[in-house]
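# Examination of the molecular architecture
Read off the chains here:
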Amino acid sequence: MYGYMYPLNTEKFSAKPLQELSLRVNLSGRERLKTIFSPTHEVTTKREGDRTATISFQGSNVKPDIDFVLYFHTDTDPVGLSMLAHRPRGEDGYFLISAAPDYASGSDQVLPKDITFVADTSGSMTEGKLDQARKALLFCLDNLNSQDRFEVIRFS
């Protein structure tokens, strides 16, 4: 597991929030990228194959009170396994275990799934909510593999 930190904690130097903040990190390497995450900022990750990714953060009126931290893990195994531990001074601490499969696996490696979708058709599903739920269900069904089995349960 690798860590990257970009200093953003400049609150002591600026009294006002930043009007616009944009960060982009381009990752690429010889080994496959597995886990990519930021514990400090809500990022968008766009993978471009299994060895390249673009991680971005955009915000408006951002208070610069915490540094940007990004963690990523590389591995040559089909499933990358990593552990990250953190113990702040005077506290018990915590850890994160991550298991991440390859970005692109062959269709012969995908196991069949049994999936149950539960659809709320009650009166609370007004003002377009039911239509939105129907579109989400159709999206899920369109993305099932040929070996997958599914059931739809309706309740109100």
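Source: prediction; values computed, not measured.

### Observations concerning the nonpolar core
If you look at the biggest cluster of nonpolar residues, it comprises 14 residues, and the most contacted ones within it are V25, L27, L33, I36, I55, F68 and L70. Setting aside its immediate chain neighbours within four residues, V25 contacts Y4, A53, T54, I55, F68 and L70.

### Focus: the sheet that holds strand β2 (residues 18-28)
Reading across the sheet, the 3 strands line up as β2-β5-β4 and stay open at both edges, with antiparallel pairing between neighbours. Looking at the sheet topology across the chains shown, the edges are occupied by β2 and β4 (44-47). Ignoring strand direction, the axes of neighbouring strands in this sheet form an average angle of 15°. Sheet topology places β2 next to strand β5 (residues 52-62); 10 bridges connect them, and they run antiparallel. Each residue of the ladder has a partner; that of S28, found in β5, is T52.

### Some points on the side chain of D148
Residue placement: D148 occurs in the loop between α1 (129-142) and β10 (149-155). For D148, a relative accessible area of 11% gives the class buried. Engagement of the side chain of D148 in a polar contact is seen with the backbone nitrogen of N145, the distance being 2.8 Å. Non-local contacts of D148, meaning those with residues more than four positions away in its chain, are made with L111, P112 and K113.

### Considering the pattern of salt bridges
Considering all chains together, one arrives at 5 salt bridges under this definition. We note a salt bridge from R149 to D114, for which the minimum N-O separation is 2.7 Å. Of this pair, R149 sits in strand β10 while D114 is found in strand β9 (residues 114-120), placing the two residues 35 residues apart along the sequence. A relative accessible area of 55% places R149 in the exposed class. The partner of K135 in a salt bridge is D131, with the nearest N and O atoms 3.4 Å apart. Taken together, the residues K135 and D131, both in helix α1 and 4 residues apart, mark about one turn of the helix. When its relative accessible area of 35% is taken as the criterion, D131 is described as partly exposed. Overlapping salt bridges bring together D131, R134 and K135 as one network.

How each quantity is defined
- Numbers given for residues are sequential positions, taken from 1 along each chain in its written order.
- Local features in a predicted model are, by the rule used here, given only for residues with pLDDT of at least 70; side-chain atom pairs are given and counted only at 80 or more, and totals for whole chains, interfaces and linings are based on all residues.
- Side-chain descriptors were evaluated using all non-hydrogen atoms of the structure, hydrogens and water having been removed beforehand.
- Note on terminology: a nonpolar core comprises buried Ala, Val, Leu, Ile, Met, Phe, Trp, Tyr and Cys residues joined through side-chain atoms within 4.5 Å.
- Note on classification: 1.4 Å probe, protein chains only; a residue is buried when its accessible area is under 20% of the maximum for its type, exposed when over 50%, partly exposed between these limits.
- Here, two residues are considered to be in contact whenever any of their heavy atoms come within 4.5 Å of each other.
- Here, a strand pair is defined by DSSP locating no fewer than two bridges between the strands.
- Secondary structure elements follow DSSP: runs of H or I no shorter than four residues count as helices, runs of E no shorter than two count as strands, and numbering proceeds from the N terminus.
- Helix axes are fitted only over the stretch in contact, all axes being lines through C-alpha atoms; the angle between N-to-C directions runs from 0 to 180 degrees.
- Polar contact is defined as a pair of N or O atoms within 3.5 Å, subject to the rule that within protein one atom must be able to donate a hydrogen and the other to accept it, and that residues adjacent in sequence are counted only when both atoms are side-chain atoms.
- Between Lys or Arg on one side and Asp or Glu on the other, a salt bridge is scored when a side-chain nitrogen of the former is within 4 Å of a carboxyl oxygen of the latter.

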